[in-house]
Amino acid sequence: MSAERIGVINPVAGANRKHLEHNEVAVPVQESIAAVPLKIAEWPLRNRVQRLLDLASSLLRETESLARDKAFTEESNRLQSLNVAEGIDFYGEVQSFETGLIRLALDQTHGHQAQAARLLHIKPTTLNSKIKLYQIEY
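My aim in this report is to walk through the structure given alongside it, one point at a time. Remember, predicted model here, so these are calculated numbers, not experimental data. (Residues numbered from 1 in each chain as written. Predicted model: local features only at pLDDT ≥ 70, side-chain atom pairs only at ≥ 80, totals over all residues. Heavy atoms only, no water.)

Section: the pattern of salt bridges
Inspection of every chain in the model, using the stated rule, returns two salt bridges. For the salt bridge of lysine 70 with glutamate 74, the shortest nitrogen-to-oxygen distance reads 3.6 Å. Placement of the pair is lysine 70 and glutamate 74 together in helix 2 (residues 45-80), with a separation of four residues, close to one helical turn. A salt bridge links glutamate 98 to lysine 130, with the shortest nitrogen-to-oxygen separation between them at 3.2 Å. Of the two residues, glutamate 98 sits in helix 3 (residues 90-108) while lysine 130 sits in helix 5 (residues 124-133), which places them 32 residues apart along the sequence. (Salt bridge = Lys/Arg side-chain N within 4 Å of Asp/Glu carboxyl O. Helix = DSSP H or I, 4+ residues; strand = E, 2+ residues; numbered from the N terminus.)

See the structure below:
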């Protein structure tokens, strides 16, 4: 997790877990970083709810980013394991690659095809035809 993300999630990073008071709650950010005390009882209710919403949103974005990174790593490992000497189904590999990119763009845009086409730098009609051709469900 980058330092900027840690700062967004927890602006008081670096506090020690041993010095928590009775009305403080430790929120772990990452194993290598000490938990940070939040004096939740002293915050107005609206601020507490907003803070929880911000934390949940930040964690969701981080989870989505990690999932995309994992998918990319798995695909990269699969491609490295291909045996060129046995031959490769070029069109099958292209289809697999395009399908993955299209799904990623559609996930990023929550299924909005025009926005996904802009992300992929292709025309919406081209994206739509590839969705139909490859029978991509989203």
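Regarding unusual backbone geometry
Peptide bonds are trans in most cases, and residues, glycine excluded, mostly fall at negative phi. Phi at histidine 110 takes a positive value of approximately 55°, unusual for a residue other than glycine. Mapped onto the secondary structure, histidine 110 falls in the loop between helix 3 and helix 4 (113-120). We note that glutamine 135 has phi near 50°; this positive angle belongs to a residue other than glycine. For glutamine 135, the position within the fold is in the segment after helix 5.

Re the nonpolar core
Counting nine residues, the largest nonpolar core is built from Ile102, Ala105, Leu106, Ala116, Ala117, Leu127, Ile131, Tyr134 and Ile136. Of all elements in the fold, only helix 3, helix 4 and helix 5 reach the threshold of two or more residues within this core. Tallying contributions element by element places helix 3 first for this core, with three residues. Leave out the neighbours within four places in its chain, and tyrosine 134 touches Gln95, Glu98 and Thr99. (Core = buried A, V, L, I, M, F, W, Y, C linked by side-chain atoms within 4.5 Å. Buried < 20%, exposed > 50% of the residue type's maximum accessible area, 1.4 Å probe, protein only. Contact = heavy atoms within 4.5 Å.)

Quick word on a nonpolar patch on the surface
Side chains of Leu45, Val49 and Leu53 sit close together on the surface and give an oily, nonpolar patch of about 290 Å² of accessible area. Along the chain, the position of leucine 53 falls in helix 2. (Patch = residues over 30% accessible without salt bridge, like charges linked within 9 Å, V, L, I, M, F, W, Y side chains within 5 Å. Areas by Shrake-Rupley, 256 points an atom, 1.4 Å probe, with all protein chains shown as cover.)

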